[in-house]
Amino acid sequence: MTEANSLTASQTCILCTSGRFLPVKDENYLIRGGKMLDFFTIFSKGGIVLWCFQGAGVSESFAGPVNALIRSVILQERSGNNSYSHEALSLKYKLDNEFELIFVVGFQKILTLTYVDKFIDDVQLHFRDRYKNELEQKGALKLLNNNFEFEDDFTMLLREAEESSKARSHVAMRSFKESEKSQKTVKSMIETKGVDKSKEQGGKKNKNTKKEAAPAADSAKGDKGKVTSSGQKTVENGNQGLTPEEDMQKKREEFFRKRIVGTAEKPISSTKSPKPQKPREKRMRVWDMGGNSTKELDYSKSKGEGSTNGDDQSLETKMDPGMQVSSMEGELPPVDYESSDEGEIEEEDERVVVSGTSKTSSKKGGSFGGMFGMLKGLVGSKSLSSDDMEPVLEKMKEHLITKNVAADIASKLCDSVAKKLEGKVMGTFTTVASTVKQALQDSLVQILQPKRRVDILRDVMDAQSQRRPFVITFCGVNGVGKSTNLAKISFWLIENGFTVLIAACDTFRAGAVEQLRTHERRLNSLHPQEQHGGRPVVQLYEKGYGKDAAGIAMEAIAYARNQVFDVVLVDTAGRMQDNAPLMTALAKLIAVNMPDLVLFVGEALVGNEAVDQLVKFNQALADHSMSDRPRLIDGIVLTKFDTIDDKVGAAISMTYITGQPIVFVGTGQTYSDLRSLNARAVVSALMKA
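Just so you know, these numbers come straight off a predicted model, no measurement behind them.

Criteria and cut-off values
- Residues numbered from 1 in each chain as written.
- Predicted model: local features only at pLDDT ≥ 70, side-chain atom pairs only at ≥ 80, totals over all residues.
- Heavy atoms only, no water.
- Salt bridge = Lys/Arg side-chain N within 4 Å of Asp/Glu carboxyl O.
- UniProt positions renumbered as here; feature names shortened; annotations may be inferred.
- Helix = DSSP H or I, 4+ residues; strand = E, 2+ residues; numbered from the N terminus.
- Buried < 20%, exposed > 50% of the residue type's maximum accessible area, 1.4 Å probe, protein only.
- Patch = residues over 30% accessible without salt bridge, like charges linked within 9 Å, V, L, I, M, F, W, Y side chains within 5 Å.
- Areas by Shrake-Rupley, 256 points an atom, 1.4 Å probe, with all protein chains shown as cover.
- Lys, Arg positive; Asp, Glu negative; His and termini not counted.
- Charge placed at Lys NZ, Arg CZ, Asp CG, Glu CD.
- Polar contact = N/O pair within 3.5 Å; in protein donor to acceptor, adjacent residues only side chain to side chain.
- Contact = heavy atoms within 4.5 Å.
- Pairing = 2+ DSSP bridges.
- Axes fitted to C-alpha atoms, helices over the stretch in contact; angles between N-to-C directions.

*Asks:* Can you help me understand the pattern of salt bridges in this one?
*Replies:* Two side chains that carry opposite charge are able to pair once their charged atoms sit near each other. Here the structure, examined in full by the defined rule, presents 18 salt bridges. What emerges from the salt-bridge pattern is a single network uniting D96, E98 and R128.

The following block contains the structure:
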């Protein structure tokens, strides 16, 4: 690590998993050997490159693809799949959790190298043995200062892998005489069919003998001689080790035992069928506040010294519940959950896993096996294998699916946790369930945490300094609450001292413009013009229905620039992800106006549908864009979060698919029901039983 301070221009940097760039010496490059592979590198999770290889004729550094792999996959807990594509390269990687090592091989996408998976496994096995010996002999510091010699082993393994792939690819086709089909004759087929028929007939006779068994023991003893032939067939059909008489006696005893038990359970008191019960008559419902007489329902007169009913009604009309909102100045409060039973759930999971291990071990050792199985599940100093984690991960996967996580995403998350933990040594007195659960929680928190800075208030201030409006476009499917949450965000921005222009670009749905006009009127009544220099804090820009949405958005942005509005919120029409014409129109609106932020509005109630919506929205924006680097979805607004209790899996599905953060969370119907996402609170709700 001392060389990181003296980084020269001739050295290449690689990004470590802690986010720092570390150097790779040029002398470690081996420009020789394999013609198919572009590079092969081995580095620790701390970012120290232990050994690397570069193929003949490859001049470009492998630092770029490896850094992209670390940023997009390893740091983001997406290591369930062992392949990754970067520009023209295809990368395969393998994690060694015991020694905290990462093996990465890169080759051109157009090549189909069938031996790469086995080759990277062989390199891992050879290298880790050498690495362990070097650590024991030299120590960590000396090993880092000296070059690690692995050239000969790597060349040998690469040559063996390439030769084995060539040998497998030229396998000659078998002739007809060598196939199994040529060994069969017509005679053998006929004999086989005859044997099958006799077996079937024997099976049928067996069933008949069971049905024709005598109801009394005395008559059954007299029929021993008659049943001998059928008993022989019974032995031939699978009852080994018993004579025909013993087998028949056994079946009789079973028959009588079942019959005695059946008669004991069923009373023989009455043979008549029971009378059908009369259906219950419908009772009149008594309302809690209903009263018994009409006089009690008369509220026209004043009661006591209180106010009259008319006064109460006038007060209720003045106090509109939609207008009673709290202040939202500053950052949004995070959405929160109470996780009081989290400890109980963890104990339950551990108990399930320990009981599972005790069941398997009790087969071998009885009651002592259960105790030893429990100790085996608890005591540490044991490296985890995929077999140990499989039942726990299967349970975790089912749990995630019940919490509304898309099935495909749940599988990928569990695969990623398995790759992350495989070979890792467990701590003392920790169960497999608690280890897997903790790793899954860490992965979910890592996925939900934003990968970049999300500070809209600061971004609006930056746009103010450039004398231009900050533009946010809202898109999504029908009925998810785009207009309602746009009004909530408008209220939050107004509370923080910004002026807002709403662009009504939903020219398709009837009533869309009127809905936004109602929100404009309410927001202006909450923030009167007299308090803001005689200027309305929010204004609606609309051109009616049936117009081009992209053109209206462009005119609204120009109007906001001229009238010095701080933020432009563009409301678009709801559209299904399969509607090609409307998706083309949305891509055109975003490509023409280039908003600062594109927010996808999705409801928290969806499961697998969230994946399909986001994938197709992003695909449509990429396909219909006119630039080489198209604008995709920048963030997510998760609505109706107050209706799902702890089934918060849609947040995981949406974030995992796009890699973009959840910027806003809608938690109700009033303007102040807007929150930011608390990743740890959502994960704790997700892991509740």
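Now that the structure has been shown, the text picks up again.
*Asks:* Which parts of the structure should I look at to understand the UniProt feature "domain: SRP54-type proteins GTP-binding" (unreviewed entry) in the chain?
*Replies:* Taken from the UniProt record, the annotation "domain: SRP54-type proteins GTP-binding" (unreviewed entry) applies to residues 661-674. Secondary structure within residues 661-674 divides into 0% helix and 43% strand; the distance between the first and last C-alpha atoms comes to 16 Å.

*Asks:* Hey, could you run me through the environment of S684 in this one?
*Replies:* Mapped onto the secondary structure, S684 falls in helix 21 (residues 679-686). S684 gets classed as buried once you look at its relative accessible area, which sits at 10%. Taking the C-alpha atoms as reference, S684 lies 8.0 Å from Q441; in sequence the two are 243 residues apart.

*Asks:* I'm lost on a negative patch on the surface in this one. Help?
*Replies:* A contiguous patch of negative charge, built from D387, E390, E394 and E398, is present on the exposed surface. Inspection of the secondary structure assignment puts E398 in helix 11 (residues 386-402).

*Asks:* Would you mind going over the side chain of T658 with me for this structure?
*Replies:* Tracing the backbone through its elements, the reader meets T658 in helix 20 (residues 649-658). Of note is the side chain of T658, whose polar atom sits 2.9 Å from the backbone oxygen of M654. A distance of 3.1 Å separates a polar side-chain atom of T658 from the backbone nitrogen of Q660. Leave out the neighbours within four places in its chain, and T658 touches L614, N618 and I636.

*Asks:* How should I be thinking about the sheet that holds strand 4 (residues 49-54) in this particular structure?
*Replies:* Backbone hydrogen bonds hold the strands of a sheet together, and the pairing may be parallel or antiparallel. Reading across from one edge, 4-3-7-6-5 is the order of the 5 strands in this open sheet, with antiparallel pairing throughout. Every interior strand has two partners, whereas the edge strands, strand 4 and strand 5 (83-86), have only one. Strand-to-strand, the axes of this sheet are offset by a mean angle of 15°, without reference to chain direction. Of the strand pairs in this sheet, strand 5 and strand 6 (residues 89-96) are connected by 4 bridges, and their pairing is antiparallel. Across the sheet, residue H86 finds its bridge partner in strand 6, namely L89. Taken strand by strand, helix 1 (residues 63-74) contacts strand 3 (37-44), strand 5, strand 6 and strand 7 (101-108), and its axis lies near 125° from that of strand 5.

*Asks:* Can you walk me through the sheet that holds strand 13 (residues 635-639) in this structure?
*Replies:* With mixed pairing, 8 strands are arranged side by side in an open sheet as 10-9-11-8-12-13-14-15. Looking along the sheet, the strands with just one partner apiece sit at the ends: strand 10 (538-541) and strand 15 (674-675). When strand 8 (residues 470-476) meets strand 11 (residues 567-572), the two strands line up parallel, connected through 5 bridges. In the sheet register, F470 faces strand 11, and the bridge partner there is V567. Packing of helix 16 (residues 512-526) onto the sheet brings it into contact with strand 9 (500-505), strand 10 and strand 11, and relative to strand 10 it is tilted by some 165°. Across the sheet, helix 17 (residues 549-562) lies against strand 8, strand 9, strand 10 and strand 11, angled at about 165° from strand 9, the strand it touches most.

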